[in-house]
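Reading the structure
Read off the chains here:
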Number of protein chains: 2
Amino acid sequence: MTRQSVPLDKAFRLINHGASTLISAHHNGVANIMAAAWVCALDFNPSRLTLVLDKSTFTRPLIEQSGYFAVQLPTQTQAELVLKMGESRKYTPNKIDTIPVFYQENYAMPLVEDCAAWLICRVIPEAYLQEQYDLFIGEVVAAWADSRVFRDGHWHFDDAPEALRTLHYVSGGQFYVTGKGLNIQK
Amino acid sequence: MTRQSVPLDKAFRLINHGASTLISAHHNGVANIMAAAWVCALDFNPSRLTLVLDKSTFTRPLIEQSGYFAVQLPTQTQAELVLKMGESRKYTPNKIDTIPVFYQENYAMPLVEDCAAWLICRVIPEAYLQEQYDLFIGEVVAAWADSRVFRDGHWHFDDAPEALRTLHYVSGGQFYVTGKGLNIQK
């Protein structure tokens, strides 16, 4: 088992490098998974992040009603999956049926297997923000990472298989893979 | 001259891959430049982004008072500069004095030479957001990029010198460089 818990005060490091994400949600027996590039750290302590969620998405009401969502960092081998999850379930109703998922105790949303990291967030309700800017604030309540790429509070992409590097989406099917590490002494 | 204007409806692509940034601001004869990893696209049209700006920063009052800031994407050769700009001017008062900067017509803030892209933003005032979450919303009013890496609305890192790749900050002096491109057909 390479999936290990990440302390909440280190969770921002999972998203700090700006990788693209998959969002999972579940409410009342209905689940969905969507691609989202507009996820960003907001605070260290408590560990919070922002997520932009268009009103047209199938996932948004699931998040509004359940008050929870998961942020996941897919790897470069999942780029096609990310694009597929970028199509709305409104038009591709079976899009999540063949995706390998797992569940963590106490949380109802399906989590995508083989990602580099998973963060479960509780929505901090901010009606004006959500309505005016499609912006949701999530407080991270649990996080895990694949210990081959993230352990002891740090990413270790350069020591891990290339396939496990995360993705940075631009648009129109164009991604960049997370590249080589640079460690600069302050 | 490799610096070329970017249409505002393509400006989100400059920041979509989640690179770390330098923020510039100017008010009443005082300028500053700071590092910021927590910048994220918010909307395509109008082109907007979010910026997290701690109350302790020297730069924040410059932005609040002038209503403008610039977001810049440094390249991997500027990693040391980014770390240096991550130290508050409150403790390193001369930190920007030796940085090569330039100015664009109509805008007062100093822009850092040799970045991959520059976006000038007007603050959309949201007092509650700024106070409660340190979150600022900027509307992009002008953008430029180095045409060796961004042209025709797309990044072209794989065809450009390695030195021009952008940076993704984690913490504690650790960065990842933007890696190889992947183009997936939808």
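Computed from a prediction, not measured in an experiment: that's the story for all the values here.

So, on to the overall build of chain A. The number of helices and strands found in chain A is four helices and 14 strands. Taken over C-alpha atoms, the radius of gyration comes to 16 Å for chain A, in line with the 16 Å a tight globule of 186 residues would show. Its C-alpha atoms give chain A principal-axis dimensions of roughly 45 × 35 × 35 Å. A burial count over chain A gives 61% of its 186 residues as buried. Long-range pairs, those at least 24 residues apart, make up 66% of the contacts in chain A with a sequence separation of at least 6. For chain A, the accessible area works out to roughly 7600 Å², and carbon and sulfur atoms hold 48% of it. Charged side chains of chain A number 16 positive and 19 negative; the gap between the two group centres comes to 2 Å.

Residues and elements named next belong to chain B. Those residues of helix α2 (residues 59–66) lying buried are T59, R60, L62 and I63. Within α2, the buried residues cover an arc of 165° as seen down the axis, which keeps them to one side. Where α2 ends, the next residue or the one after it, G67, has phi of about 75°, a positive value.

Under the UniProt annotation, the feature "domain: Flavin reductase like" (unreviewed entry) is placed at residues 13–152 of chain A. Across residues 13–152 of chain A, the secondary structure splits into 18% helix and 40% strand, with the terminal C-alpha atoms separated by 11 Å.

Right, let's get into the nonpolar core. The biggest cluster of nonpolar side chains holds 94 residues, and the ones touching the most others in it are W155 of chain A together with W155 of chain B. Once residues within four sequence positions are removed from consideration, W155 of chain A is found in contact with R13, L14, H17, L73, A116, A117, V149 and F150 of chain A together with V170, Q174 and Y176 of chain B.

Sheet strands pair by backbone hydrogen bonding; their relative direction is either parallel or antiparallel. Ordered in space as β13(A)-β14(A)-β14(B)-β13(B), the four strands form an open sheet in which the pairing is antiparallel. Since the sheet does not close on itself, it has two edges, and those belong to β13 (167–171) of chain A together with β13 (167–171) of chain B, each with one partner. The sheet shows a mean angle of 35° between the axes of neighbouring strands, taken without regard to direction. Sheet topology note: the β13 of chain B/strand β14 (residues 174–183) of chain B ladder contains four bridges and is antiparallel. Looking at β14 of chain B, one finds that S171 of chain B is bridged to Q174 of chain B.

This part is about the layout of surface pockets. Counted as a void, the largest pocket has a volume near 910 Å³. M34, A35, A36 and G86 of chain A together with F44 of chain B are, among the 37 residues lining the largest pocket, the residues nearest its centre. Of all the secondary-structure elements, those providing two or more residues to the lining of the largest pocket are β3 (30–36), α3 (79–85), α4 (127–133) and β13 of chain A together with β4 (39–43) of chain B. Of the residues in the lining of the largest pocket, the class split is 17 nonpolar, twelve polar and eight charged. Of the volumes computed, that of the second largest pocket is approximately 780 Å³. For the second largest pocket, the lining is made up of 35 residues, of which F44 of chain A together with M34, A35, A36 and G86 of chain B are closest to its centre. Listed by contribution, the elements that provide at least two residues to the lining of the second largest pocket are β4 (39–43) of chain A together with β3 (30–36), α3 (79–85) and β13 of chain B. A total of four residues in the lining of the second largest pocket trace back to one element, the largest contributor, which is β3 of chain B. Across the lining of the second largest pocket, the residue classes tally to 17 nonpolar, eleven polar and seven charged.

Quick look at the relation of the copies chain B and chain A now. Each copy superposes on the other: chain B lies on chain A with an RMSD of 0.0 Å after a rotation of 180° and an axial shift of 0.0 Å. When the rotation and shift are considered jointly, the pair of chain copies conforms to a two-fold rotation axis. Comparing interface residues between copies, 100% of those in chain B also sit at the interface in chain A, which points to an isologous, same-surface contact.

Within this structure, the stated rule accounts for 22 salt bridges over all chains. Between R122 of chain B and E139 of chain B there is a salt bridge; the shortest N-O distance is 3.8 Å. Placement of R122 of chain B in strand β9 (residues 117–124) and of E139 of chain B in strand β10 (residues 135–146) is noted, with a sequence separation of 17 residues between them. For E139 of chain B, a relative accessible area of 16% puts it in the buried group. The partner of D158 of chain B in a salt bridge is R165 of chain B, with the nearest N and O atoms 2.8 Å apart. What emerges from the salt-bridge pattern is a single network uniting K55, R60, E64 and D134 of chain A.

The final tally for this structure, using the stated rule, is one cavity of 30 Å³ or more. Of the volumes computed, that of the largest cavity is approximately 120 Å³. Within the residue set of the lining of the largest cavity, elements represented by two or more residues are β4 of chain A together with β4 of chain B. Taken together, the residues of the lining of the largest cavity break down into twelve nonpolar, five polar and no charged.

On to the interface of chain B and chain A. With 50 residues of chain B at the interface, the matching set in chain A holds 51 residues. Where chain B abuts chain A, roughly 4500 Å² becomes buried across the two surfaces, and 60% of that area is made up of carbon and sulfur atoms. Run the count over chain B and chain A and you get zero salt bridges. Across the contact surface, chain B and chain A share 30 residue pairs in polar contact (both at pLDDT 80 or more). In terms of residue count, β14 of chain B provides more of the side of chain B that touches chain A than any other element does, ten residues in total. A class-by-class count of the residues in the side of chain B that touches chain A yields 27 nonpolar, 15 polar and eight charged. Sheet topology note: the strand β14 (residues 174–183) of chain A/β14 of chain B ladder contains seven bridges and is antiparallel. When the sheet's bridge partners are listed, F175 of chain A is paired in β14 of chain B with L182 of chain B.

Conventions and cut-offs
Residues numbered from 1 in each chain as written. Chains lettered and ligands numbered in written order. Predicted model: local features only at pLDDT ≥ 70, side-chain atom pairs only at ≥ 80, totals over all residues. Heavy atoms only, no water. Helix = DSSP H or I, 4+ residues; strand = E, 2+ residues; numbered from the N terminus. Rg over C-alpha atoms; globule rule 2.2 N^0.38 Å. Buried < 20%, exposed > 50% of the residue type's maximum accessible area, 1.4 Å probe, protein only. Contact = heavy atoms within 4.5 Å. Areas by Shrake-Rupley, 256 points an atom, 1.4 Å probe, with all protein chains shown as cover. Lys, Arg positive; Asp, Glu negative; His and termini not counted. Charge placed at Lys NZ, Arg CZ, Asp CG, Glu CD. Arc of directions from axis to C-beta. UniProt positions renumbered as here; feature names shortened; annotations may be inferred. Core = buried A, V, L, I, M, F, W, Y, C linked by side-chain atoms within 4.5 Å. Pairing = 2+ DSSP bridges. Axes fitted to C-alpha atoms, helices over the stretch in contact; angles between N-to-C directions. 1 Å grid on protein atoms, 1.4 Å probe; cavity = no way out; pocket = protein on both sides within 12 Å on 5 of 7 lines; lining within 4 Å. Points joined across faces, edges and corners; volume = space filled by probe spheres on them. Nonpolar A, V, L, I, M, F, W, Y, C, P; charged D, E, K, R; others polar. Least-squares fit on C-alpha atoms with pLDDT ≥ 70 in both. Salt bridge = Lys/Arg side-chain N within 4 Å of Asp/Glu carboxyl O. Buried area = accessible area lost by both parts, 1.4 Å probe. Polar contact = N/O pair within 3.5 Å; in protein donor to acceptor, adjacent residues only side chain to side chain.

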